[in-house]
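Each chain, written out:
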Amino acid sequence: VELDAREKPFRAAAAEYNAVLKEKTGLEREVEAAEKEGRVNAGEAKDLETSLIGSPSMESKMERQEEQFGDLEGEEERLCDAVATCGAEVREQEKAIITLRQDANVSRAIDPHIDSKIAAASAARRERHTASDAASKSATSLSLRLPAVREERVAAERLVEAAADGRRLRVDHLRGKDRRLYDQYEAVQDMQKNGLFQKHVFGPLCLEVEVQGADPKLAVYVDAMLGKDGSAFLVLCQHDQDVITNSKNAAVKSINMFNFDKRRPAGGPAPVRPSKQVLEHYGIQGYLIDFVHAPEQVMEFLRNGSGLDKVPIGTETSFNLREEMAHDARLKTTNHDNKFSNTLAGNWIFTPARRFIITYSFYGDKHPIFSDKAYFYQDRCKVALGRPAAEIQNLRDILDKKTAEEQTLSERVPPLQEEARRLRALFDESQAVWKALTDEKHQGKVLEEKIKRCEVKIAQAKKEAERITRTEVPRIAVKRKKLLGERTALAAQAAGMLERLLGKYLQGAAADMNAFPLQKQLGDVKETLREVTRRVTPLKQEYEEMVSVVEAAKKAYDEACEALKGNEASAEIQATFPSKVDASKVDIPKNLDELDQEIDHYKGELDDLGHVSDVTHDLISVATQLAEVNTKLRECEDIKAKGSKEVEAKKRAWLDGADGKIGLRQLVKEASREFSDFFSRMRNVGEVRLHEHQDAAGEDDFEKYGLQILVKFRQETELAALNGRRQSGGECSVSTMCFILALHKLSNVPLRVVDEINQGMDSAYEKAVFEFIVELNCREDAPQCFLITPKLQADILKGVESTGHISVMQVLKGPGLSVCEDGHL
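Let me begin by describing the structure that accompanies this report. In this text the structure is predicted, and so the values were computed from the model without any measurement.

If you tally the helices and strands in the protein chain, you get 22 helices and 16 strands. Counting every position in the protein chain, which comprises 825 residues, the buried fraction comes to 31%. Long-range contacts, defined here as pairs at least 24 residues apart, represent 73% of the contacts in the protein chain between residues at least 6 apart. Looking at the protein chain as shown, the accessible area adds up to about 52100 Å², and 53% of this sits on carbon and sulfur atoms.

Where helix α21 (residues 729-742) contacts helix α22 (residues 763-777), the two axes come as close as 11 Å, and the packing angle between them is 10°. Looking at the two axes, α21 sits roughly parallel to α22. Here α21 contributes Val734, Met737, Cys738 and Leu741 to the contact with α22, which in turn contributes Tyr765, Val769, Phe772, Ile773 and Leu776.

A word on α21. Spacing of three or four residues puts side chains on the same side of an α-helix, whose turn is 3.6 residues. Between its terminal C-alpha atoms α21 stretches 20 Å, which fits the 20 Å expected from 14 residues at 1.5 Å a residue. The element α21 is largely enclosed, with a buried count of ten among its 14 residues. Listing the buried residues of α21 in full gives Gly730, Glu731, Cys732, Val734, Ser735, Met737, Cys738, Phe739, Leu741 and Ala742. Packed against the buried residues of α21 are α20 (664-681), β12 (685-691), β13 (706-712), β15 (751-755) and α22.

Now for the sheet that holds strand β14 (residues 720-721). Pairing in this open sheet of three strands is antiparallel, and the strands run β12-β13-β14 from one edge to the other. Either end of the sheet is taken by a strand with one partner, and the two such strands are β12 and β14. The pairing of β12 with β13 spans seven bridges and is classified as antiparallel. If you follow arginine 689 over to β13, its bridge partner there is glutamine 708. Along the sheet, α20 makes contact with β12 and β13, crossing β12 at roughly 165°.

This part is about the packing of aromatic side chains. One pass over the full model with this rule turns up ten aromatic pairs. With centroids separated by 6.2 Å and ring planes inclined at 70°, the aromatic side chains of phenylalanine 713 and tyrosine 765 adopt a geometry described as edge-to-face. Remark: tyrosine 765 occurs in helix α22 and phenylalanine 713 occurs in the loop between β13 and β14; sequence separation between them is 52 residues. Of the two residues examined, phenylalanine 713 and tyrosine 765, each falls in the buried class. Through a chain of ring-to-ring contacts, the aromatic side chains of Phe675, Phe679, Phe713 and Tyr765 assemble into a single cluster. Of note, arginine 125 hangs over the ring of tryptophan 434, and the distance from its end group to the ring centre comes to 4.4 Å.

Within the secondary structure, alanine 436 sits in helix α15 (residues 389-441). Classification of alanine 436 as partly exposed rests on a relative accessible area of 45%. Each C-alpha atom of the pair alanine 436 and isoleucine 118 lies 9.2 Å from the other, and the pair is 318 residues apart in sequence.

Moving on to the side chain of glutamate 472. Among the secondary structure elements, glutamate 472 is positioned in helix α16 (residues 443-564). Owing to a relative accessible area of 13%, glutamate 472 belongs among the buried residues under this scheme. A distance of 3.1 Å separates polar atoms of two side chains, one belonging to glutamate 472 and the other to arginine 467. Once residues lying within four places of it in the same chain are set aside, the contact partners of glutamate 472 are Glu75, Leu79 and Arg467.

What follows covers the nonpolar core. Counting 61 residues, the largest nonpolar core has Val222, Leu234, Leu288 and Val383 as the members making the most contacts within it. Sorting elements by how many residues they give to this core places helix α7 (residues 217-226) first, with seven residues. Filtering out sequence-adjacent residues up to four positions away, valine 222 remains in contact with Val209, Val211, Leu288, Val292 and Val383. Of all hydrophobic cores here, the second largest spans 24 residues; its members include Val688, Val711, Leu741 and Met761.

Cis peptide bonds are those with omega within 30 degrees of zero, and the linkage from glycine 203 to proline 204 qualifies with -5°. Assignment of secondary structure puts proline 204 in the loop between α5 (179-193) and α6 (205-208).

Next up on the list: a negative patch on the surface. Where like charges cluster on the molecular surface, the negative patch consists of Glu63, Glu67, Asp71, Glu635, Glu637 and Asp638. For the negative patch, the elements supplying multiple residues, two or more each, are α2 (56-107) and α19 (615-656). On the secondary structure map, glutamate 63 appears in helix α2.

By the definition in use, this model includes 27 salt bridges. Notably, a salt bridge pairs glutamate 75 with arginine 78, separated by 3.9 Å at the nearest N-O pair. Note that glutamate 75 and arginine 78 are positioned in helix α2 at a spacing of three residues, about one turn of the helix. Glutamate 775 is the partner of arginine 681 in a salt bridge, and the nearest nitrogen-oxygen pair spans 2.6 Å. A residue pair is termed long-range when its members are at least 10 positions apart, and arginine 681 in helix α20 and glutamate 775 in helix α22 qualify at 94 residues. Judged by its relative accessible area of 42%, arginine 681 falls in the partly exposed class. For glutamate 775, a relative accessible area of 41% gives the class partly exposed. Taken together, the shared-partner salt bridges in this structure form one network comprising Glu75, Arg78, Glu464, Arg467, Glu472 and Arg475.

Before going further, it helps to examine a nonpolar patch on the surface. Together, Leu751, Val753, Phe786 and Ile788 make up a nonpolar patch on the protein surface, roughly 360 Å² of accessible area in all. Contributing elements (two or more residues each) for the nonpolar patch: β15 and β16 (784-788). Topologically, isoleucine 788 is positioned in strand β16. Owing to a relative accessible area of 46%, isoleucine 788 belongs among the partly exposed residues under this scheme.

Calculation rules
- Residues numbered from 1 in each chain as written.
- Predicted model: local features only at pLDDT ≥ 70, side-chain atom pairs only at ≥ 80, totals over all residues.
- Heavy atoms only, no water.
- Helix = DSSP H or I, 4+ residues; strand = E, 2+ residues; numbered from the N terminus.
- Buried < 20%, exposed > 50% of the residue type's maximum accessible area, 1.4 Å probe, protein only.
- Contact = heavy atoms within 4.5 Å.
- Areas by Shrake-Rupley, 256 points an atom, 1.4 Å probe, with all protein chains shown as cover.
- Axes fitted to C-alpha atoms, helices over the stretch in contact; angles between N-to-C directions.
- Parallel < 35°, antiparallel > 145°, perpendicular 65-115°, else oblique.
- Expected span 1.5 Å × (residues − 1).
- Pairing = 2+ DSSP bridges.
- Phe/Tyr/Trp six-rings, centres within 6.5 Å; stacked < 30°, edge-to-face > 60°.
- Lys NZ or Arg CZ within 6 Å of the ring centre and 35° of its normal.
- Polar contact = N/O pair within 3.5 Å; in protein donor to acceptor, adjacent residues only side chain to side chain.
- Core = buried A, V, L, I, M, F, W, Y, C linked by side-chain atoms within 4.5 Å.
- Patch = residues over 30% accessible without salt bridge, like charges linked within 9 Å, V, L, I, M, F, W, Y side chains within 5 Å.
- Salt bridge = Lys/Arg side-chain N within 4 Å of Asp/Glu carboxyl O.
- Lys, Arg positive; Asp, Glu negative; His and termini not counted.
- Charge placed at Lys NZ, Arg CZ, Asp CG, Glu CD.

The structure is reproduced here in structure tokens:
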């Protein structure tokens, strides 16, 4: 009875607990369904938002439509301007027609004498044109003749200078006849320039002798008379002879020379010459000494040493009369020893075909003996015949004539040119008068033609305006309508997506609103469940205690039943006891800890699902974020446009220049002009270009900007970039040097150093580059330039040192060099 009494409240509390637990489970399912619906709606809204905002296709479509709308507006504006222009043209031509018609009415009253005036003006025009044309042709002819005469005068000056410079003529002749002797001459001249001799050294004698006369045979006579002595040098003191003898130069040591002091004769009476009549009888034209000029010491040596003053110059008559000459008493005389002598005998007599000599026997009647020799090796004659004075005078006469002609032309050309200009001005004046009269006569026709042209222009302008109105305007309208349709469709698509997005946001908000009261109700149910659990726990404990008591009583009862087995009253007694109670069938938590754990579990699940309640707030902030993103996007576009303008401005300033500063393109253009000038002077073609590189998108790639040097060294090739595999080393060197020289005028430096520019160049390029360097660096405003080279051509410095702008320093090193007392090597 007591167990039943305690079981009833426990059973009631357990039933209440089960009902609350069932209600909690139902609420949990409803909350989970609402939260799931909120999450699904939020995900779909996020996808729609991404498609609407972050879709590149929709954004590009909208940008493309904006560009197309801008193009249409520009085209409409252009068409409006064209129509306005056509209207202005029509109005202008209508005004012009009114003016022209007024002028046409005035011009109908033509001067009756206009034809005679036109004829007179035409005759004056032709007359002045003829006079002007004749004066112009005369001035042009004389102007063209003047440079030719000037060149002829310069050529005549050079001929006179060359003819007057006899020594240079003889040196050139010697160089062509005997190279070894010429080298000896050059070596001795170098020694004289270096101050190694105390006195002047003459030689070779064939070079020191100047033969004057019209007969080329005179040079052959002198060469034959000198013989081997013509290759000898003449020294005036023993010191100079020792210097030559002790020279380490093999060419100098082998020189044949005479010492003037040692070979100077004591002298004697002047040779006796026959009378002029006698000489003319035997065909004697004179003596060899009469045609020879040389320095005083050389002439004295030739007279006393070679007997040049005793050698007659004869003809074939002289050779034919040699017998008579040998016995002629007029030629016989005695010498200073009172011995027999012949004034023409004993010396060679030169004739054009041969030379002969008359000697006398020392025995008997002293009969004459004749010997003659032909001239061998005339082509090796080392003596040069000087220009005759008459020929030089003739050249000077030609020079004077050309000078006078040049002066005359120089004086006549300016007045003729002035007269030609004056006559041309008169012709232009007559032309203007004739044209004015002709225009006056034909003014009416001209005005009618002008009116017709104005009417044609009006018709063309109206036709163009009509074409624009009928064709272009409807075409633009169709385009605009099509674009508006596309924009409407795109806007409808965006509106649909926005509508779906808003629907998803609203559905998510509704789900959150539905989940909120359920969550609150679930919290109340959990609290009720905890209260019921607190009430059920002590009842359960009491009930379990009573069950234990009942179990103990049952056990005692069972034991009593066992003891009462066989007792007749046992069945009746057993029927009065209740059946066994099974407490395990009651579905309640076994203890309070299990109940608390279950309550905490449901609290954690509720906390994990708390973020769903923020969906409504997220929906509200999305619109704000969209507006901020659009604002930032517009700001970025403005910044990009401003940066592009700054970059373009800096690019223009760099390439084209700004604020008085020269741009890169102009610098490259000036460098290319200098480079091309250098190459054209070497008969080549060259150019420098600026390579402005752009990438595939058409944007400037400044890192790949550069200079291109284009060259062409051969006629059959094309202009191509400088390349070490295409051009030779010398061509690369001369191209590089010309490019550096082209930058001289564009750079400002205190000094320049050029090292071994001629390595790999041929002689022509080396000389050309050296001349370019001298030309650029010998100006007053040029900086100092140092040119270092291990070698130069022999004549490349000729005439350069005399300018006063160049100093040449030579560094010599070697075991054979020594310094004399006077400081020379």
